[in-house]
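Architecture at a glance
Chain by chain, the residues:
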Amino acid sequence: MRDVKLDFFVLPVVMRRDFVETFVLEKEDFAVQNPDWVRRMEEQPSGFDAWYTGAFLWEKMSAAGATTDFDGVLELLRARAGKVLFMSESETSGHGGGLRYKGRMVYDFVAMADPKELADLIEYEWKENSRLLLEDRLTLPEDLYVFDTTLDWAIVFTHESVETGESSEVVARCCRVIGL
């Protein structure tokens, strides 16, 4: 990884489970908070249940905290003290999510890093995404979940972006901030 020292969390399965239990809405809770979305998904041939099963973790989180202020979210991350944890989508989710580490892809990981170094890498890879993708040099997964060991807060960097302003070349990355 580019200038980021990281350590892998010893029990990734437990931490991933705890993250999901803390931040991801169960299907019934999601349906209560998002009745219009459920109705639209039920109109699709596969239905809401299939959508929920195949959705990204961030899609199943509370809609509160959604933002396209990528630079602001990076500053929130840089302001964190100590190490932060980060993970991606599960390999079995069908959404990719591997981390390139020492020349190989690592899946279903939870890693720890300095928040400033991680923020710098996230920013670099987002801004250089097209070039790094062509050169097969991306190290971070596109959907990244950053959080603290106590699960008091989470920052989510999604692969989604929206065009901003008049130029279609200016895009903002969709993020979520929970608990900060």
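Residues numbered from 1 in each chain as written. Predicted model: local features only at pLDDT ≥ 70, side-chain atom pairs only at ≥ 80, totals over all residues. Heavy atoms only, no water.

**What about unusual backbone geometry?**
Backbone geometry places lysine 102, a non-glycine residue, at a positive phi of 50°. Using a relative accessible area of 70% as the deciding quantity, one classes lysine 102 as exposed. One non-glycine residue, leucine 151, adopts positive backbone phi at about 60°. (Buried < 20%, exposed > 50% of the residue type's maximum accessible area, 1.4 Å probe, protein only.)

**Here we look at the sheet that holds strand 1 (residues 6–8)**
Strand pairs in the sheet, formed through backbone hydrogen bonds, run parallel or antiparallel to each other. The strand order across the open sheet built from seven strands is 1-6-3-7-8-9-2, with neighbouring strands paired in antiparallel fashion. Edge strands, defined here as strands with exactly one partner in the open sheet, are strand 1 and strand 2 (66–67). Sheet topology places strand 1 next to strand 6 (residues 110–113); three bridges connect them, and they run antiparallel. Across the sheet, residue phenylalanine 8 finds its bridge partner in strand 6, namely alanine 111. In the packing of helix 5 (residues 70–78) onto the sheet, contacts are made with strand 2, strand 3 (84–87), strand 7 (144–147), strand 8 (154–163) and strand 9 (171–178), and the angle to strand 8 comes to roughly 165°. (Pairing = 2+ DSSP bridges. Helix = DSSP H or I, 4+ residues; strand = E, 2+ residues; numbered from the N terminus. Contact = heavy atoms within 4.5 Å. Axes fitted to C-alpha atoms, helices over the stretch in contact; angles between N-to-C directions.)

**A look at the pattern of salt bridges**
Enumeration over the complete set of coordinates arrives at nine salt bridges. Put simply, aspartate 36 and arginine 39 hold a salt bridge, and the shortest N to O gap is 2.7 Å. On the criterion of helical spacing, the pair formed by aspartate 36 and arginine 39 is a turn pair, its members being three residues apart in helix 3 (residues 35–42). Looking at aspartate 36, the relative accessible area reads 48%, which means it is partly exposed. Glutamate 123 is the salt-bridge partner of lysine 127, the closest N and O atoms lying 3.1 Å from each other. Note that lysine 127 and glutamate 123 are positioned in helix 6 (residues 115–127) at a spacing of four residues, about one turn of the helix. Assessed through its relative accessible area of 53%, lysine 127 is described here as exposed. Residues joined in a network through salt bridges with shared partners are Glu75, Arg78, Asp120, Glu123 and Lys127. (Salt bridge = Lys/Arg side-chain N within 4 Å of Asp/Glu carboxyl O.)

**Side note on a nonpolar patch on the surface**
Residues Val10, Leu11 and Val14 make up a contiguous nonpolar surface patch of roughly 290 Å² in combined accessible area. Along the polypeptide, valine 10 turns up in the loop between strand 1 and helix 1 (12–23). By relative accessible area, which is 73% here, valine 10 ends up exposed. (Patch = residues over 30% accessible without salt bridge, like charges linked within 9 Å, V, L, I, M, F, W, Y side chains within 5 Å. Areas by Shrake-Rupley, 256 points an atom, 1.4 Å probe, with all protein chains shown as cover.)

**Quick word on the packing of aromatic side chains**
Summed over all chains, the structure comprises 16 aromatic pairs. Their ring planes at 65° and their centres at 5.6 Å tell us that phenylalanine 19 and tyrosine 145 sit as a pair that is edge-to-face. Highlighted residues: phenylalanine 19 in helix 1 and tyrosine 145 in strand 7, separated in sequence by 126 residues. A centroid spacing of 5.2 Å and a plane angle of 35° characterise the contact between phenylalanine 30 and tryptophan 51, whose relative ring orientation is tilted. Linking phenylalanine 30 in helix 2 (residues 27–33) with tryptophan 51 in helix 4 (residues 47–54), this pair joins segments that are 21 residues apart in sequence. Tryptophan 51 matches phenylalanine 30 in its accessibility class, with the two residues each being buried. The lysine or arginine in question, lysine 60, covers the ring of tyrosine 52, its NZ or CZ lying 4.5 Å from the ring centre. (Phe/Tyr/Trp six-rings, centres within 6.5 Å; stacked < 30°, edge-to-face > 60°. Lys NZ or Arg CZ within 6 Å of the ring centre and 35° of its normal.)

**A few points about the packing of helix 3 against helix 4**
With their axes 7 Å apart at the nearest point, helix 3 and helix 4 run at an angle of 110° to one another. Relative to helix 4, the element helix 3 is oriented roughly perpendicular. Here Trp37, Val38, Met41 and Glu42 of helix 3 come into contact with helix 4, specifically with Gly47, Phe48, Asp49 and Trp51. Grouping the constituent residues of the contact of helix 3 with helix 4 by class yields five nonpolar, one polar and two charged. (Parallel < 35°, antiparallel > 145°, perpendicular 65-115°, else oblique. Nonpolar A, V, L, I, M, F, W, Y, C, P; charged D, E, K, R; others polar.)

These figures come from the coordinates and say nothing about function on their own.
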